[in-house]
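Each chain, written out:
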Amino acid sequence: MSSEQLDYFTTLTSTVSRGEWKSSLDTLFVVLRKRFLFDNLAIYRSDEKGSLAEVVYARAAGRGKSREADASWGENIATQVISTRRIVMLAPEQPSEDRIAMPYLLGLPLDFVEGKGVLVFVRFGGPPYLDEQIPLAALAASLAARILERRQVQEHIHQLEQARYRAQLQDDFIATISHDLHTPLGFIKGYTTSLLRSDTSWDAATQREFLTIIDEETDHLIALIDRLLDSSRLQTGMLTMDFQPVALEKLVRDVALRVQGRSPGFEVVFDLENLPTIQGDNVRLGQVFENLLDNAVKYASHSRVTIGARKRERSVVLTVADQGPGIPFEHLPYIFERFYRVPSETGQRGTGLGLFICRQIVQAHHGRITVETVPGKGTTFRIELPIRQNEQGGPA
Ligand code: ADP
């Protein structure tokens with residue numbers, strides 16, 4: 001082997017041991033392409049039954065670049081490789097003027113701990129793969145498999161860290177709640193003691209100011225205790241819903257007004273289709289929207305919020321969209337869990353109960369609540385509610 005070849009293989013194989021799995025795969029295929037031509041490649045994973053389960057990685061390097069996200073071009077050959085566990089090569093069936101319609105495909109089996117997979121290369125319009133190029137492609141496949149094993153380890157570590165953080169939140173619950181109860185109580189006690197001092201006389205304006213603080217902090221305490229009670233009743237299924245006809249449009253407009261009353265300057269835009277009256281619990285549904293709008297005020301301050309609604313055949317889909325900082329992806333799977341909060345330095349007050357309560361209420365209506373977020377652009381909560389419930393309280 002020449003020293004140039006040696007250098008090449010050293011660079012190629014060293015991609016296995018460095019960094020985050022996706023960037024390792026990027027580097028591997030950049031290096032590979034110096035000696036092995038391809039336009040697109042994709043790695044698929046199969047499930048236990050041998051069906052294609054997911055596209056683990058896709059990359060477009062040459063012609064057909066726009067097809068990077070869509071890896072359907074390789075599904076057919078990938079299925080063949082999975083069933084035979086052999087290298088498969090496919091040449092175009094008919095000649096064509098259009099190179100994109102002339103795919104030369106090479107599929108290689110890929111074994112990694114997580115399961116079985118396939119690496120597929122495509123060259124649009126050729127040149128065909130030569131037998132002597134296969135060992136290099138097979139080496140790339142086995143290096144890719146090692147990198148994917150690292151992905152598995154990295155994902156396990158991430159899951160463990162998440163599990164530890166969630167367990168920690170449960171453990172810290174008493175401390176958090178005690179702190180949240182203590183803060184308003186401290187204000188109430190402090191201002192009451194001041195008002196009661198016999199050695200000082202407060203003018204009427206100051207008295208009013210103190211009483212207003214006491215009043216607000218008492219509201220805060222009541223809200224906190226209500227949340228705690230609701231969350232434990234919802235958790236144990238003890239909170240029953242009082243299903244009545246609900247005029248959704250009025251409900252969301254009233255809630256928005258209430259939140260705006262507390263947060264002057266908070267801008268809400270409505271994009272509501274002619275909404276039907278649905279069967280639901282007025283108070284509880286109001287609580288859902290109030291939580292979502294309060295969160296928008298808290299976490300997406302100064303952002304305008306759009307409340308949208310569309311009617312479907314049997315359901316209504318409502319959206320609450322803000323233009324705030326969004327929620328980091330790694331936290332999304334957990335934000336509806338009890339006590340879950342996204343760690344942040346900005347220090348907003350909260351208990352991690354709001355979204356948990358929203359989800360429980362929506363589920364008690366046989367509906368679904370989901371979230372989509374674009375970091376830096378905003379967050380959209382989407383609620384789908386059935387229009388009717390049957391006698392047993394299920395969706396009609
Ligand atoms: P709390 O507000 O008491 O922390 P929630 O259950 O209402 O609890 O929300 C859970 C977490 O989801 C919050 O801690 C916050 O980080 C995040 N979150 C909720 N709504 C938004 C939003 N509109 N924009 C950004 N983050 C949000």
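Computed from a prediction, not measured in an experiment: that's the story for all the values here.

### Examining the domain arrangement of the protein chain
(1) Moving on: Partitioning the protein chain into domains gives domain 1 (3–157), domain 2 (166–236) and domain 3 (244–386).
(2) Moving on: Once you take the C-alpha centre of each, domain 1 and domain 3 turn out to be 42 Å apart.

### A few points about the layout of surface pockets
(1) Moving on: Here the largest pocket is characterised by a volume of approximately 1,200 Å³.
(2) Moving on: As for the largest pocket, its lining consists of 29 residues, of which His-220, Ala-223, Arg-227, Arg-262 and Asp-294 are closest to the centre.
(3) Moving on: Mapped onto the lining of the largest pocket, the elements with two or more residues apiece are α6 (204–235), α7 (248–262) and α8 (282–299).
(4) Moving on: Here the lining of the largest pocket is composed, by residue class, of 6 nonpolar, 9 polar and 14 charged.
(5) Moving on: Taken domain by domain, the makeup of the lining of the largest pocket includes at least three residues from each of domain 2 (166–236) and domain 3 (244–386).
(6) Moving on: Forming the walls of the second largest pocket are 41 residues, and the residues nearest its centre are Tyr-299, Tyr-340, Arg-341, Val-342 and Pro-343.

### Let's talk about α6
(1) Moving on: With 32 residues, α6 extends 46 Å from end C-alpha to end C-alpha; this agrees with the ideal 46 Å at 1.5 Å per step.
(2) Moving on: Burial in α6 covers these residues: Thr-206, Phe-210, Ile-213, Ile-214, Glu-217, Leu-221, Leu-224, Leu-228, Asp-230, Ser-231 and Leu-234.
(3) Moving on: Buried-residue contacts for α6 involve α5 (173–196), α8 and α9 (354–364).
(4) Moving on: Where α6 starts, the residue carrying a side-chain oxygen 3.2 Å from the main-chain nitrogen of Ala-205 turns out to be Asp-203.
(5) Moving on: Where α6 ends, the next residue or the one after it, Gly-237, has phi of about 75 degrees, a positive value.

### Some remarks on helix α3 (residues 75–84)
(1) Moving on: The set of residues buried in α3 consists of Ile-77, Ala-78, Val-81 and Ile-82. Along the long axis of α3, the arc covered by the buried residues comes to 140 degrees, so they all point the same way. Residues Asn-76 and Ser-83 are exposed on α3 and point more than 90 degrees away from its buried face.
(2) Moving on: Residues of α3 that are buried make contact with β1 (40–46), β2 (52–60), β3 (88–90), β4 (103–112) and β5 (115–124).
(3) Moving on: One or two steps after α3, the chain reaches Arg-85, where phi turns positive at roughly 55 degrees.

### Overview of the environment of Glu-75
(1) Moving on: With respect to the element layout, Glu-75 can be found in helix α3.
(2) Moving on: On the basis of relative accessibility, which here comes to 37%, the residue Glu-75 falls in the partly exposed class.
(3) Moving on: Measuring from C-alpha to C-alpha, the distance between Glu-75 and Ile-327 comes to 33 Å, with 252 residues separating the pair along the chain.
(4) Moving on: Sequence-distant contacts of Glu-75, defined by excluding residues within four places in its chain, comprise Tyr-44 and Leu-52.

### Here we look at the sheet that holds strand β7 (residues 268–272)
(1) Moving on: Pairing within the open sheet is mixed, and its 5 strands lie in the order β7-β9-β10-β12-β11. Two strands in the sheet have a free side with no partner beyond their single neighbour: β7 and β11 (368–374). The average angle at which neighbouring strand axes cross in this sheet is 15 degrees, direction not considered.
(2) Moving on: Taken strand by strand, α7 contacts β7, β9 (305–311) and β10 (315–321), and its axis lies near 175 degrees from that of β7.

### Looking at the side chain of Thr-379
(1) Moving on: Mapped onto the elements of the fold, Thr-379 is located in strand β12 (residues 378–386).
(2) Moving on: A polar contact of 3.4 Å, which involves the side chain of Thr-379, links it to the side chain of Thr-373.
(3) Moving on: If sequence neighbours within four positions are ignored, Thr-379 has contacts with Val-320, Ala-321, Asp-322, Gly-326, Ile-327, Val-371, Glu-372 and Thr-373.

### Looking at the site of the ligand
(1) Moving on: Around the ligand, a shell composed of 18 residues is seen, among which Tyr-299, Asp-322, Arg-341, Thr-351 and Leu-355 lie nearest.
(2) Moving on: In this structure, an oxygen atom belonging to the ligand sits 2.8 Å away from a main-chain N or O atom of Leu-355.
(3) Moving on: Protein chains shield 97% of the accessible area of the ligand, which is 530 Å² for the free molecule.
(4) Moving on: Listing elements by their share of the shell around the ligand, those giving two or more residues are α8, α9 and β12.
(5) Moving on: With 3 residues, α8 is the largest single contributor of residues to the shell around the ligand.
(6) Moving on: For the shell around the ligand, the class distribution of residues is 8 nonpolar, 7 polar and 3 charged.

### Description of the sheet that holds β4
(1) Moving on: Spatially, 5 strands are ordered β2-β1-β5-β4-β3 in an open sheet, and the strand pairing comes out antiparallel. Each edge of the open sheet is held by one strand with a lone partner, namely β2 and β3. The sheet shows a mean angle of 20 degrees between the axes of neighbouring strands, direction not considered.
(2) Moving on: Bridging between β4 and β5 involves 10 bridges; their strand directions are antiparallel. Residue pairing for β5: Pro-103 is matched across the bridge by Phe-124.
(3) Moving on: Those strands touched by helix α4 (residues 134–171) are β1, β2, β3, β4 and β5, and its axis lies near 45 degrees from that of β4.

Rules behind the numbers
Residues numbered from 1 in each chain as written. Predicted model: local features only at pLDDT ≥ 70, side-chain atom pairs only at ≥ 80, totals over all residues. Heavy atoms only, no water. Domains from an automatic or database assignment. 1 Å grid on protein atoms, 1.4 Å probe; cavity = no way out; pocket = protein on both sides within 12 Å on 5 of 7 lines; lining within 4 Å. Points joined across faces, edges and corners; volume = space filled by probe spheres on them. Helix = DSSP H or I, 4+ residues; strand = E, 2+ residues; numbered from the N terminus. Nonpolar A, V, L, I, M, F, W, Y, C, P; charged D, E, K, R; others polar. Expected span 1.5 Å × (residues − 1). Buried < 20%, exposed > 50% of the residue type's maximum accessible area, 1.4 Å probe, protein only. Contact = heavy atoms within 4.5 Å. Polar contact = N/O pair within 3.5 Å; in protein donor to acceptor, adjacent residues only side chain to side chain. Arc of directions from axis to C-beta. Pairing = 2+ DSSP bridges. Axes fitted to C-alpha atoms, helices over the stretch in contact; angles between N-to-C directions. Near = heavy atom within 4 Å. Areas by Shrake-Rupley, 256 points an atom, 1.4 Å probe, with all protein chains shown as cover.

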